[in-house]
Amino acid sequence: MPKAIWNDEVIAESDDTVVLEGNYYFPLTSVREDVLIPSDTHTVCPWKGKASYYSLRADGQTAADAAWYYPDPKPDASAVRDRVAFRKDVKVEM
């Protein structure tokens, strides 16, 4: 089962991930709420739509904008709705 690990802590775990462009998208419900901090950052992907971000906080450390999600993805990217992906410094292990 894929696990997202940051600061030697498992912050997400699910056997229902979607892999898109090399990124694992975890269901939001599988991500520990205590590590997510809403961010004001947004970016736009031409085919997925507008991305929103979370920073991560655990064990006294913070990683700004280390997770992203598409609250209202374009139709071709609907598989990532209600899912969160992480920057490369968050390890995904099987």
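About the criteria used
Residues numbered from 1 in each chain as written. Predicted model: local features only at pLDDT ≥ 70, side-chain atom pairs only at ≥ 80, totals over all residues. Heavy atoms only, no water. Core = buried A, V, L, I, M, F, W, Y, C linked by side-chain atoms within 4.5 Å. Buried < 20%, exposed > 50% of the residue type's maximum accessible area, 1.4 Å probe, protein only. Helix = DSSP H or I, 4+ residues; strand = E, 2+ residues; numbered from the N terminus. Salt bridge = Lys/Arg side-chain N within 4 Å of Asp/Glu carboxyl O. Polar contact = N/O pair within 3.5 Å; in protein donor to acceptor, adjacent residues only side chain to side chain. Contact = heavy atoms within 4.5 Å. Pairing = 2+ DSSP bridges. Axes fitted to C-alpha atoms, helices over the stretch in contact; angles between N-to-C directions.

An unreviewed UniProt entry annotates the chain as DUF427 domain-containing protein of Actinoplanes oblitus.

For the rest of this paragraph, the subject is the nonpolar core. Counting 17 residues, the largest nonpolar core has Ala4, Trp6, Ile11, Val31, Leu56, Phe86 and Val90 as its most contacted members. Listing elements by their share of this core, those giving two or more residues are β1 (3–6), β2 (9–13), β6 (49–58), β7 (61–69) and β8 (83–86). In this structure, Tyr25, Ala51, Tyr53 and Trp68 belong to the second largest nonpolar core, which totals 10 residues.

We now examine the pattern of salt bridges. Tallied over the entire structure, the rule returns seven salt bridges. One salt bridge in this structure joins Arg32 and Glu9, with 2.9 Å as the shortest N-O distance. Within this pair, whereas Arg32 is found in the loop between β4 (23–27) and β5 (36–45), its partner Glu9 is found in strand β2, the two being separated by 23 residues in sequence. For Arg87, the salt bridge is made with Asp89, and the minimal N-O distance between the two is 3.0 Å. When its relative accessible area of 30% is taken as the criterion, Arg87 is described as partly exposed. Residues joined in a network through salt bridges with shared partners are Glu9, Arg32 and Asp34.

Our next topic: the side chain of Ser52. Note on placement: Ser52 falls in strand β6. A distance of 3.1 Å separates the side chain of Ser52 from the side chain of His42, its partner in a polar contact. When sequence neighbours within four positions are dropped, the list of residues in contact with Ser52 reads Thr41, His42, Ala67, Trp68, Tyr69 and Pro71.

On to the sheet that holds β4. One open sheet accounts for six strands, arranged β3-β4-β8-β7-β6-β5; its pairing is antiparallel. Of all the strands in the sheet, just β3 (18–20) and β5 have a single pairing partner and so form its edges. Ignoring strand direction, the axes of neighbouring strands in this sheet form an average angle of 35 degrees. Note that β5 and β6 share seven bridges and pair antiparallel. What sits directly across from Pro38, in β6, is Tyr54.

In this section: unusual backbone geometry. Unusually for a residue other than glycine, Asp8 sits at a positive phi of about 60 degrees. Positionally, Asp8 belongs in the loop between β1 and β2. Despite not being glycine, Asp65 shows a phi value in the positive range, around 50 degrees.

Moving on: the environment of Glu33. With respect to the helices, strands and loops of the structure, Glu33 is situated in the loop between β4 and β5. Residue classification places Glu33 among the exposed residues on the basis of a relative accessible area of 71%. In this structure, the C-alpha to C-alpha distance between Glu33 and Ala12, residues 21 residues apart in sequence, is 9.5 Å.

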